[in-house]
Amino acid sequence: MDEVPNPLVEQITFKTSAQIGKTEFENNVAGYFIDMDPCPMLMVQPVEKMGKSWVNERFDPMMRDCPCFDGKLHEDTQFHKGFMGGFLAIGWAKSASSLASRPIRVLLLDEVDRYDLNVKGEGDPVNQAIKRTTTFHNRKVIAVSTPKLKGSSRIDALYDSSDQRLYMVPCPHCGDFHFLKWEDIKFDKANPLDTARWVCPSCTKPVDHIQKRSMLAAGEWRAQMPFRGHAGFHINELYSPWKTWGEVAEDYLEAKKTEETLQTWVNLSQGLSFEPKTEKVEADTLKSLVEEYDHNEIPNGVLWASAGVDTQNDRFELSVWGFGLGDESWHLEKKVILGDPKSEEVKQDLDDFLKTVYTREDGVSIPISAAFVDSGGNRTKDIYNFARGKAGRRIFAIKGASSSNPFDNTVEVVKQGYSKSSRCSLIIVHSAKLKKQLYDAFRKTLKVSKEKTEEGPLSGPGLVHFGKHCDDDFFGQITAEKMVRKRVNGYQVIAWRHDESEGDYPRNEDLDCAAYARAAMVQIKPNFEKLGEKFSNSAKKEAKPEEKREMPKKKKPNPRRQRKQSGSWASRY
């Protein structure tokens, strides 16, 4: 905030962890210019909803509660605040029109790593917004965000072009100044809350959390690069006065269990971009997991089943997957229905197959409880027509989300939608993220299988099972894609690629079908605990011989308790 009125500073970048004060910093900047130096301003949020939230929850309460703003606003609408000498407009990165057509002196960019790379073909929203400041010699461009992915992080790129200031604090023992890094926090994994200490890189002496307050008070910002009009600041959760080092260590141990939760911890706690794993799963390795079951008699762990259907011009390809407790899953059956999906006969064959009921080893029946049918390609209207009226059977048309980034936490895995033109329910599916979840489960299953010492089939949360009906073609298809890095609009992104010329398996329908079947489970959210209890009781009843039960004697009706029906509409029929 001290650098905002500095005439030598044109740009400020704040790369930080969550809940460290970055939005409050922007609030104060907006308030300063409204009260002390009125001018045209623009606040840019990632989406319209976040823009509304910022106005309602941050800006409006500030204007209401601070006496210096009394009578300042002469125009007060949802997205435009007018005051003498200037205005504050609120835009969002997904709308090119909200970023254009007005000169801006002060630009506030909030959570820039959540912005789309390209807004409706008009380019990078950050560059679009910065162009609005061109005509002001005393402009201020302020960007804040928690980072997301390494290589595609805007806040990383902006911070790297700044003077890269770090908040250095002195060691209570030797007095040397250091930046608090996670690598210097040491603790006992059995009791991180009470044992976490910061170890000084200079004197290697441990420092208790209770000494952090005095270290923060004596700290100072130190630039790592020469200043050229761009001041950059970076800080993380280790500096937070509201969080102990032991609590941060506890969060880390919980987060490192999966790659997705680890990314969240790295982004939100350490304020750093995340470097994801992109290794490929090999078909031959996955084939070693085949078990002795097929669709004629499925394992008892299956509590609910769904189908994923991939639509081609000359066929339907589908896979049925079973799911159980702890996100455990089983491949139950693969089916190819030949013929043009336009044909009523072919669609009827698909409809008939989706009525299949499987039988578990203990005799319990498991129907296909949901089906997601791909509506992409050249048969979109035919799929909409097929799915219309089948919502009661949980048969839905689906289409892929626009984002291809499997690590994009701002995109929901599945989202309910509706096609107005076709009057049909439509589910939006984030296939890239679902495929990543599948590959993570494959790797976990391979790891557990390798470490297994006891005899018997694999069993446990998050594991994947393949029956003896799964052949070489199936494993080739389900491992046909890999995550690769590519550049889009000057930024690196991670996307799924299937390229036969580079040795990938020629087809990938089974992988798509597996993602769609999983999406159906995520959307419906079956209560596996209740299903397990229900089927367990059902199996016990079938195991017991039937006993004759005496029917209770019917009681004579009490005439005093009978309602008189002569005057009601029911008596007429």
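Residues numbered from 1 in each chain as written. Predicted model: local features only at pLDDT ≥ 70, side-chain atom pairs only at ≥ 80, totals over all residues. Heavy atoms only, no water.

Chemist: Help me understand the overall build of the chain, please; the structure alone is not making it clear to me.
Modeler: Looking only at helices and strands, the chain has 15 helices and 25 strands in total. Burial statistics for the chain: of 573 residues in total, 50% are counted as buried. In the chain, of all internal contacts separated by at least 6 residues, the share reaching a separation of at least 24 is 70%. As presented, the chain carries roughly 29,500 Å² of accessible surface, and 49% of it is formed by carbon and sulfur atoms. (Helix = DSSP H or I, 4+ residues; strand = E, 2+ residues; numbered from the N terminus. Buried < 20%, exposed > 50% of the residue type's maximum accessible area, 1.4 Å probe, protein only. Contact = heavy atoms within 4.5 Å. Areas by Shrake-Rupley, 256 points an atom, 1.4 Å probe, with all protein chains shown as cover.)

Chemist: Even after reading the chapter, I still don't get the packing of helix 7 (residues 245-255) against helix 8 (residues 259-268), so can you show me in this structure?
Modeler: Each pair of packed helices can be described by the angle between their axes along with the distance between the axes. In the contact formed by helix 7 and helix 8, the axes pass within 8 Å of each other and the chain directions differ by 155°. Comparing their axes, helix 8 and helix 7 come out roughly antiparallel. Of the residues in helix 8, those in contact with Val-248, Asp-251, Tyr-252, Glu-254 and Ala-255 of helix 7 are Thr-261, Leu-262 and Trp-265. The class makeup of the residues in the contact of helix 7 with helix 8 is five nonpolar, one polar and two charged. (Axes fitted to C-alpha atoms, helices over the stretch in contact; angles between N-to-C directions. Parallel < 35°, antiparallel > 145°, perpendicular 65-115°, else oblique. Nonpolar A, V, L, I, M, F, W, Y, C, P; charged D, E, K, R; others polar.)

Chemist: Please explain unusual backbone geometry as it appears in this structure.
Modeler: Most peptide bonds take the trans form, and the phi angle of most residues other than glycine is negative. The backbone phi angle of Gln-19 is positive, close to 55°, even though this residue is not glycine. As for its placement among the helices and strands, Gln-19 is situated in the loop between strand 1 (11-16) and helix 1 (22-36). The exposure class assigned to Gln-19 is exposed, which follows from its relative accessible area of 69%. Located in the positive-phi region is Glu-111, a residue other than glycine, with phi close to 50°. Structurally, Glu-111 is set in the loop between strand 6 (106-110) and helix 3 (125-131). For Glu-111, a relative accessible area of 9% puts it in the buried group.

Chemist: Looking at this structure, how should I read the packing of aromatic side chains?
Modeler: Geometry of an aromatic ring pair is reported as the spacing of the ring centres plus the angle between the planes. Following the criterion strictly, the structure yields 21 aromatic pairs and no others. Measuring from centroid to centroid gives 5.1 Å for Tyr-32 and Phe-33, while their planes differ by 80°, and the two rings are edge-to-face. The rings of Trp-321, Tyr-439, Phe-442, Phe-466, Phe-474, Phe-475 and Trp-496 are connected pair by pair, giving a single aromatic cluster. Above the ring of Phe-177, the side-chain terminus of Arg-222 is found at 4.3 Å from the ring centroid. Above the ring of Phe-386, the side-chain terminus of Lys-390 is found at 4.5 Å from the ring centroid. (Phe/Tyr/Trp six-rings, centres within 6.5 Å; stacked < 30°, edge-to-face > 60°. Lys NZ or Arg CZ within 6 Å of the ring centre and 35° of its normal.)

Chemist: How should I be thinking about the nonpolar core in this particular structure?
Modeler: Grouped burial of nonpolar side chains is what soluble globular proteins tend to show. Ranked by size, the top nonpolar core spans 132 residues in total, and within it Trp-198, Leu-286, Trp-321, Phe-372, Phe-442, Phe-466 and Ile-478 carry the most contacts. Excluding anything up to four places from it in sequence, Phe-442 contacts Val-281, Leu-286, Val-464, Phe-466 and Ile-478. Grouped together as the second largest cluster of nonpolar side chains are 17 residues, Leu-42, Ala-89, Val-126 and Ile-155 included. (Core = buried A, V, L, I, M, F, W, Y, C linked by side-chain atoms within 4.5 Å.)

Chemist: In this structure, what is going on with the sheet that holds strand 10 (residues 185-186)? I would like to understand it.
Modeler: Sheet strands line up and pair through hydrogen bonds in the backbone, either parallel or antiparallel. Across the sheet, which stays open at both edges, the three strands sit in the order 10-11-12 with antiparallel pairing between neighbours. Each having just a single partner strand, strand 10 and strand 12 (206-207) make up the two edges of the open sheet. (Pairing = 2+ DSSP bridges.)

Chemist: I keep staring at the pairing of strand 16 (residues 315-323) and nothing clicks. Help me out?
Modeler: In the case of a regular strand, side chains alternate between the two sheet surfaces. Across the nine residues of strand 16, nine count as buried, placing the element largely inside the fold. Judged by which residues are buried, strand 16 turns out to be covered on both faces: Arg-315, Glu-317, Ser-319, Trp-321 and Phe-323 on one side and Phe-316, Leu-318, Val-320 and Gly-322 on the other are all buried. Here strand 15 (residues 304-312) pairs with strand 16 via nine bridges, running antiparallel. Bridge pairing links Ala-307 to Val-320 in strand 16. The antiparallel pairing of strand 15 with strand 16 creates a hairpin that spans two residues between the two strands. Pairing analysis gives nine bridges linking strand 16 to strand 17 (residues 329-338), with the strands arranged antiparallel. Looking across to strand 17, one finds that Trp-321 is bridged to His-331. Linkage of strand 16 to strand 17, two consecutive antiparallel strands, is achieved through a turn of five residues, within which Gly-326 is found at a positive phi near 65°.

Chemist: Would you mind going over the pairing of strand 2 (residues 40-45) with me for this structure?
Modeler: Among the six residues of strand 2, six are classified as buried, and the element is accordingly described as predominantly covered. Burial of the side chains of strand 2 extends over both faces: Pro-40, Leu-42 and Val-44 are buried on one face and Met-41, Met-43 and Gln-45 on the other. Where strand 2 and strand 5 (residues 86-92) come together, six bridges link them in parallel fashion. Bridging from a neighbouring strand, Val-44 pairs with Gly-91 of strand 5. Two strands pair when backbone bridges link them, and strand 2 and strand 6 are joined in this way by four bridges, in the parallel orientation. In the strand pairing of strand 6, Val-44 is matched with Leu-109.

Chemist: Would you mind going over the environment of Ile-12 with me for this structure?
Modeler: The topology assignment puts Ile-12 in strand 1. Sequence separation between Ile-12 and Val-144 is 132 residues; the distance between their C-alpha atoms is 8.4 Å. The residues touching Ile-12, leaving out its near neighbours within four places in the chain, are Glu-3, Val-4, Phe-25, Val-141, Ile-142, Ala-143, His-230, Ala-231 and Phe-233.

Note that all results are geometric; they support no functional claim without further evidence.
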